[in-house]
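Chain by chain, the residues:
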Amino acid sequence: MSGLRGARTCPGPGEASDLKSPLGAKFREPLTESRFQQLFGDAEQEPELLAEPRWSRLWRRRARACSGPGAWRLLMARLPPLRWLPHYRWRAWLLGDTVAGLTVGIVHVPQGMAFALLTSVPPVFGLYTSFFPVLIYTLLGTGRHLSTGTFAVLSLMTGSAVERLVPEPLSGNLSGIEREQLDAQRVGAAAAVAFGSGALMLGMFALQLGVLATFLSEPVVKALTSGAALHVLVSQLPSLLGVPLPRQIGCFALFKTLAAVMTALPRSSPAELTISALSLALLVPVKELNVRFRDRLPTPIPGEIAMVLLASVLCFTSSLDTRYNVQIVGLLPRGFPQPLLPSLAELPRILADSLPMALVTFAVSASLASIYADKYNYTIDSNQELLAHGVSNLVSSLFSCFPNSATLATTSLLVDAGGNTQLAGLFSCLVVLSVLLWLGPLFYYLPKAVLACINISSMRQMFFQMRELPQLWRTSRVDFAVWTVTWVAVVTLSVDLGLAVGVVFSMMTVVCRTQRVQCLALGLAEGTELYRPLRESHKLLQVPGLCILSYPAPLYFGTRGQFRRILDWHLGLGEGGKGAPKTDGPPGAAAEPVRVAVLDCSGVTFADAAGAREVVQLASRCRDAGIHLLLAQCNASVRGTLTQAGLLDRVTPEQLFVSVQDAAAHALERSSVVQRLAQCGSDPVIWCVEGPSETCVRRATAPESPDVM
């Protein structure tokens, strides 16, 4: 029998035993799955439910939704304010939502214009993207503390797609009209990417694919954002130095940009370099103060808006734009653009860009919403989040907005400022609206170098995620490897390719871990009916001739070979000879032949056709070797797959038990019958080999031999 050195065995016939086994007390008879269903199952209704097609159940569910109460429940599910607004604590929450919304709105103004530069569109379109998506998410989102709008990672990915779809002419010297035409084409391309991303998320919502967020694990998302932050930093170097350089796209774009910047460094503008240095000297300490004294400050210090106003005044009074050729934002059009459907002809070209953006949008937003939902004890609906962000991107694209999602910096800012519900988003929209309608001319002289500094300073949280690596190394080396591989792929290749590499590598680690699972031999804890792995304690008891194995992994085509090797090794079904199990004891130790094997299937979460056939073949090999195979604690899905694969042609329903304890109790009863038959002159080995016990009883000469199932 398979086991560990030092594990004890139960006493043999005629030996005294102090084992306080529950079997001796006979609390109940061992329960098979069929007997359990007879006693506790719903034998009348279950076949009907199983026989009912899936489409019929879905149709009945939709029909119930068409009733009055069902329609109201559906409306409340799709418009979350109908659920939380009647319970809104006006006195306790309104002030916090107001202050947090105004604070986030003030940050949205410079940050939106800054991220528009990452997207390769004029700054005013960053303001549009800071207004419409926020308003839509307030009505549809379930994350009470989530702040949506422009996001650096998405802006960077969108900018790469826009530069590829609408490249700048090689000549570089464009007239005013040509520059406006180029900007209009790029705005249309960015809006088309947002439209495609929103349409994909709505399709995922229709298919209820909110579970896809789980495939973007936390190490993948954090490595993605950290690597993208480095891309943002490098891409803003030309603006910091005042060097007009074409944007690099594709693989190794980061290194190409660094090489171009180093080559053009002698041509940098002293004025813009000075503006950048002063801006960073103000923004970075203010960010640090906001983080260190977040508990003492009533509201975070608005360093971005202060820097914007100071730089605008300085540029206006000193005429930096005309005297030193400093690049400025220029005129911000008042009002909103006319709704315009993006060119559908571009959709096939931008589909490959929209898909990773949709995944990043949903993954980042869902993970952020889950973090704060757990912190403040409420729940989010991942499928509703798909709907909210899908509608947000699709509708806002009609107003020339680029892709948007939840943002790390503004979400943290909203929580620190005292935000409680989505109502804070309305106050944030009021700030952006006031800029679009009245305050836009104040930003005419704003240097673009200041916006580049805002982009870099907003990456603080993403860069500091690398401080978690030592703890991740101590917690899980596999997750550390996933983080490292994703980060290296994002930095060296590109953001979208790095995302693909990270997801594939993360899934491969899951598959590899299923390949390295260990099948554990179980022993009985003395005085209880609990069976634990033998390697955990030397005090666990082993019953001679009984082998209890636990296989804690899914059983599918990738693990069927390993399953066969492990079970053959434990049961002695390989080339070493039938009934000669392996032991971990001394080389000369004799192994008790296995007569009954119990397979604990509680860890088998699912089984495919190949895995189910492997179990059927195991049952056949055990029967040929004279081993009575018992299966314990199979879930309904696994049990159904095994049944369809023909398991009941090899074993009887009386060999499927509801728990390991029941299967072991049944095996111990069989063992006691064998011992009594042996005392009457019967051969217990023949009893085990020939299978059903009634055959042995008929061959036995003892009149008092019991009839065992």
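Chemist: When you look at the packing of helix α25 (residues 477–492) against helix α26 (residues 495–515) in this model, what are you seeing that I'm missing?
Modeler: In a pair of packed helices, the angle between the axes and the distance between the axes together describe the arrangement. Two elements in contact, α25 and α26, have axes whose closest approach is 8 Å; the angle formed by their N-to-C orientations is 160 degrees. Put simply, α25 runs roughly antiparallel to α26. Classified by chirality, the crossing of α26 by α25 is right-handed. Within the contact between the two elements, α25 uses Val478, Ala481, Val482, Val485, Thr486, Ala489 and Val490 and α26 uses Val495, Gly498, Leu499, Val501, Gly502, Phe505, Ser506, Thr509 and Arg513. A class-by-class count of the residues in the contact of α25 with α26 yields 10 nonpolar, five polar and one charged.

Chemist: In this structure, what is going on with the environment of Val510? I would like to understand it.
Modeler: By the secondary structure assignment, Val510 is in helix α26. Expressed as a C-alpha distance, the spacing of Val510 and Val478, which sit 32 residues apart in the sequence, is 9.4 Å.

Chemist: Please explain helix α20 (residues 408–416) as it appears in this structure.
Modeler: Residues spaced three or four apart along an α-helix face the same direction, because each turn holds 3.6 residues. Among the nine residues in α20, seven count as buried, and that is most of the element. Listed in full, the buried residues belonging to α20 are Leu408, Thr410, Thr411, Ser412, Leu413, Leu414 and Val415. At its buried positions, α20 is contacted by α7 (90–118), α18 (347–375), β3 (405–406), α21 (424–439) and α23 (460–463). Phi turns positive, to about 100 degrees, at Gly418, one or two residues after α20.

Chemist: Sorry, what's going on with the pattern of salt bridges here?
Modeler: Here the structure, examined in full by the defined rule, presents 14 salt bridges. Its salt-bridge partner being Arg292, residue Glu288 comes within 3.1 Å of it at the nearest N-O pair. You can see Glu288 and its partner Arg292 sitting in helix α15 (residues 270–292), four residues apart, about one turn around the helix. Overall, Arg292 belongs to the exposed group, its relative accessible area being 65%.

Chemist: Where do I start with helix α16 (residues 303–318) in this structure?
Modeler: Over its 16 residues, α16 runs 22 Å from end to end, which matches the ideal 22 Å to within 8%, given 1.5 Å per residue. Listing the buried residues of α16 in full gives Gly303, Glu304, Ile305, Met307, Val308, Ala311, Ser312 and Cys315. Contacts from the buried residues of α16 go to α7, α15, α17 (320–323) and α22 (448–457). Looking one or two places after α16, you find Ser319, whose phi comes out positive at around 55 degrees.

Parameters and conventions
- Residues numbered from 1 in each chain as written.
- Predicted model: local features only at pLDDT ≥ 70, side-chain atom pairs only at ≥ 80, totals over all residues.
- Heavy atoms only, no water.
- Axes fitted to C-alpha atoms, helices over the stretch in contact; angles between N-to-C directions.
- Helix = DSSP H or I, 4+ residues; strand = E, 2+ residues; numbered from the N terminus.
- Parallel < 35°, antiparallel > 145°, perpendicular 65-115°, else oblique.
- Left-handed = near helix turned anticlockwise from the far one by under 90°.
- Contact = heavy atoms within 4.5 Å.
- Nonpolar A, V, L, I, M, F, W, Y, C, P; charged D, E, K, R; others polar.
- Buried < 20%, exposed > 50% of the residue type's maximum accessible area, 1.4 Å probe, protein only.
- Salt bridge = Lys/Arg side-chain N within 4 Å of Asp/Glu carboxyl O.
- Expected span 1.5 Å × (residues − 1).

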